[in-house]
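The residues making up each chain are set out below.
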Amino acid sequence: MTAQETIDYIRTLAMTALDGAGSLEDIVAWERAFLGAKGEVTLFLRGLASLPADQRPIAGRGGNALKTELTAAWEARHAALSAGALDRRLAGDAIDVTLPGRPPIFGASHPVSQMIDELSEIFALLGFQTVFGPEIETAHYNFDVLNIPKDHPARDVWDTFYVDLPGEIVLRTHTSPMQGRVMEQTEPPVRVVVPGRVYRYEAQDASHEWMLHQLEGLAVDRTITMADLKGTLAEMARQLFGSERKTRFRCDFFPFVEPGVDFAVDCAICGGAGCRVCKGTGWLEMGGAGMVHPNVLRAVGYDPDIYSGFAFGLGIERLAMMRSGVDDVRAFAGNDLRFLRQFARAA
Ligand code: PHE
């Protein structure tokens, strides 16, 4: 092949390939193959020195002209393909401003949160401040301060999740550890309620969850009596379930109260006649309560000869179940939006 034939051959090769290049990637590869540092044209020009002297000027001129020609062809093709790519992207991104909008989905507060807010308001009117405590708690506050000594069988009543091996750190099994924390930080009089999550290692069923919410109440002063406890809880029940409600207090045992009671409200749904929600008993149990045990007062440095107090612990899911006739506690943490949306209220 003469130099001219080689030039023509490269031109044919390059122009055919450029015609077939359909994308920006293709022509980037094309440029590398023909005009790049190791491309055909570059190699041809670099090889001029080895040609016979009489052919060199023609080959040089021809080679440079080819380079200019291919560069121009490449630029034109590159511009055309870039414009096409932009058009396609714009077409793909097109926004139809005449389409109807999508209505935003509004969240609503969870039924348990609603119940906590409502209880906080009711108790605020009765002079109680709402405070919060840690969910990861020391065995000291969860048990020891509450008159539940180590190795005492009463500890087994609360099916505890231990966080560490020696068993000094637990997921709180009730909100009662805040009794000790609050009293240690405050001089009497004390009036607080403590809503929050508690954890129990137990089998799940329609009325047991391993995570639930309680609301602790604590009042300590010089002249607090059982009558104050009964009046406070009765008032709360009336606010929550209506002015007709009756309350029932029965003896129960909790190491940190003496005397201890469980308390119930007559079923608002059947009026005490017996129904599915109260399981035919006519009563709905709301939690435990009692007069703060002298050992607890002593443990936080209060003199039980001067001060007395009452404490109670309400099951918040339980209250929400009673009020709405929900018969499975697992629904609350089940994350089913169809369930939760039923509790949405207008803001
Ligand atoms: N902490 C108790 C429980 O979880 C409830 C309770 C609170 C009982 C305060 C008496 C006084 O079972």
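Note that the structure is a prediction, hence the values are computed from the model and not measured. (Residues numbered from 1 in each chain as written. Predicted model: local features only at pLDDT ≥ 70, side-chain atom pairs only at ≥ 80, totals over all residues. Heavy atoms only, no water.)

What about the domain arrangement of the protein?
Domains assigned within the protein are domain 1 (3-92) and domain 2 (111-343). A C-alpha centroid distance of 84 Å is found between domain 1 and domain 2. (Domains from an automatic or database assignment.)

Description of the pattern of salt bridges
If you walk through the whole model with that rule in mind, you get 12 salt bridges. Linking Arg323 and Glu118 is a salt bridge whose minimum nitrogen-to-oxygen distance equals 2.9 Å. In this pair, Arg323 is assigned in helix 10 (residues 316-324) and Glu118 in helix 5 (residues 111-125), connecting sequence segments 205 residues apart. Residue Asp266 is joined to Arg245 by a salt bridge in which the shortest nitrogen-to-oxygen separation is 3.0 Å. Placement of Asp266 in strand 7 (residues 257-266) and of Arg245 in the loop between helix 8 (226-241) and strand 6 (247-252) is noted, with a sequence separation of 21 residues between them. A relative accessible area of 14% means that Arg245 is categorised as buried. Several salt bridges converge on common partners, so that one network encompasses Arg248, Arg250, Asp262 and Glu285. (Salt bridge = Lys/Arg side-chain N within 4 Å of Asp/Glu carboxyl O. Helix = DSSP H or I, 4+ residues; strand = E, 2+ residues; numbered from the N terminus. Buried < 20%, exposed > 50% of the residue type's maximum accessible area, 1.4 Å probe, protein only.)

Quick notes on helix 8
Taking 1.5 Å as the rise per residue, helix 8 with 16 residues should run 22 Å; its terminal C-alpha atoms sit 22 Å apart, in good agreement. Taken together, the buried positions of helix 8 are occupied by Leu229, Thr232, Leu233, Ala234, Met236, Ala237, Leu240 and Phe241. Considering only its buried residues, helix 8 is in contact with helix 5, strand 6, strand 7, strand 8 (283-292), strand 9 (308-315) and helix 10. At the C-terminal side of helix 8, Gly242 shows a positive phi close to 110°. (Expected span 1.5 Å × (residues − 1). Contact = heavy atoms within 4.5 Å.)

Considerations on the packing of aromatic side chains
In this description, a pair of aromatic rings is defined by centroid distance and the angle of the planes. With the rule as written, the count across this model stands at 11 aromatic pairs. A centroid spacing of 5.9 Å and a plane angle of 20° characterise the contact between Phe249 and Phe263, whose relative ring orientation is stacked. Here Phe263 lies in strand 7 and Phe249 lies in strand 6, a separation of 14 residues in the sequence. Like Phe263, Phe249 is buried. Site record: aromatic cluster; members linked through ring pairs are Phe123, Phe128, Phe310 and Phe312. (Phe/Tyr/Trp six-rings, centres within 6.5 Å; stacked < 30°, edge-to-face > 60°.)

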